[in-house]
Amino acid sequence: MRSWHARGRQSRVGVARRVGTAAALTAALLGAVSCTGTANPAPAVAGTAPATTGTAPASTGTAPAATPTGSPSAAPAPVPDILRFTGTTLTGAAFDAAQFAGRPVVLWFWAPWCATCASQAWTVAEVAPRYRDTVPIVGVAGLGEQRAMKEFVTEFDLAGMPQIDDRAGAIWRRFKVTEQSIFVVIDRDGKVVHQGFLDGEALTARVAALAGA
């Protein structure tokens, strides 16, 4: 077994060696500072974020340009006088024709007991959903009872388009409609380009032309 004095001498030797090593590292670090003015950064360790420099990058004075994500929304189209009317649909909803400003629209004046209207209803029911967003077709029911109007809409599957309840005849008089079945075709500028009878083929052709205009 070593004596206490031997262990003491070994401990002092170890301490002296560690002190000498620390002094050598301090001298090397001071030498690096005296050459460059700043300490050399420690090598980057894989898997760690790079060290920051302590200063933010210089500002250019202007914010980076934003990348456009879409075209600016267009200003709402002016409402032409011909579309300045309101009403109530057969379902009880408020109706405002101003919503169609800037788009062509077709008004269909019909009566529930009209055989000609019934023959046109199948074409209207087929065309209206196809052009709902480009050339809306709006039914204007008159000259009859509300119950009969609703039955007509159900029978010919016309619920997918607005159907105005015009039993009082206000919209019929506004457009000077005196008989059924009448189509009033209005272009996107609010000009009436047709008012009168249209068979199924002619109605389809006119709506398609307006959608492509």
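Structure first, text after, so check above.
Presented here is an overview of the structure given in this document. Every chain's residues receive numbers from 1 upward, in the order its sequence appears when written. Only residues with pLDDT of at least 70 are given local features in this predicted model, and only at 80 or more are side-chain atom pairs given and counted; all residues enter the totals for whole chains, interfaces and linings. Heavy atoms from the whole structure form the basis of all side-chain values; hydrogens and water molecules are not counted.

A separate point is helix H3 (residues 146-155). The α-helix advances 3.6 residues per turn, and as a result positions three or four apart in sequence lie on the same side. Three labels apply to residues, based on accessible area from a 1.4 Å probe with only protein chains included: buried if under 20% of the type maximum, exposed if over 50%, partly exposed otherwise in between. By the criteria applied, helices consist of DSSP H or I runs no shorter than four residues and strands consist of E runs no shorter than two, each listed in order from the N terminus. Among the residues making up H3, those that are buried are Met 149, Phe 152 and Val 153. One side of H3 carries all its buried residues, which in axial view fall inside an arc of 100 degrees. In H3, the exposed positions angled more than 90 degrees off the buried face are occupied by Arg 147, Thr 154 and Glu 155. Only heavy atoms matter for contacts: two residues are in contact if any of them lie within 4.5 Å across the pair. Where H3 is buried, its residues touch strand E3 (105-110), helix H2 (115-130), strand E4 (137-141) and strand E5 (163-165). What the arc covers is the set of directions going from the helix axis to the C-beta atoms.

Turning our eyes to something else, we now look at the nonpolar core. Within the largest apolar cluster, 29 residues are counted, with the highest numbers of intra-cluster contacts made by Trp 108, Phe 152 and Leu 158. For this core, the secondary structure elements donating two or more residues are E3, H2, E4, H3, strand E6 (182-186) and helix H5 (200-212). Among the elements that take part in this core, H2 stands out by supplying seven residues, more than any other. Excluding residues within four positions of it along the chain, Leu 158 makes contact with Trp 108, Ala 121, Val 124, Ala 125, Phe 152, Val 153 and Gln 163. Remark: nonpolar core denotes a set of buried residues (Ala, Val, Leu, Ile, Met, Phe, Trp, Tyr, Cys) joined through side-chain atoms within 4.5 Å. Core analysis: the second largest hydrophobic core is formed by 19 residues, Ile 171, Val 177, Val 184 and Ile 186 among them.

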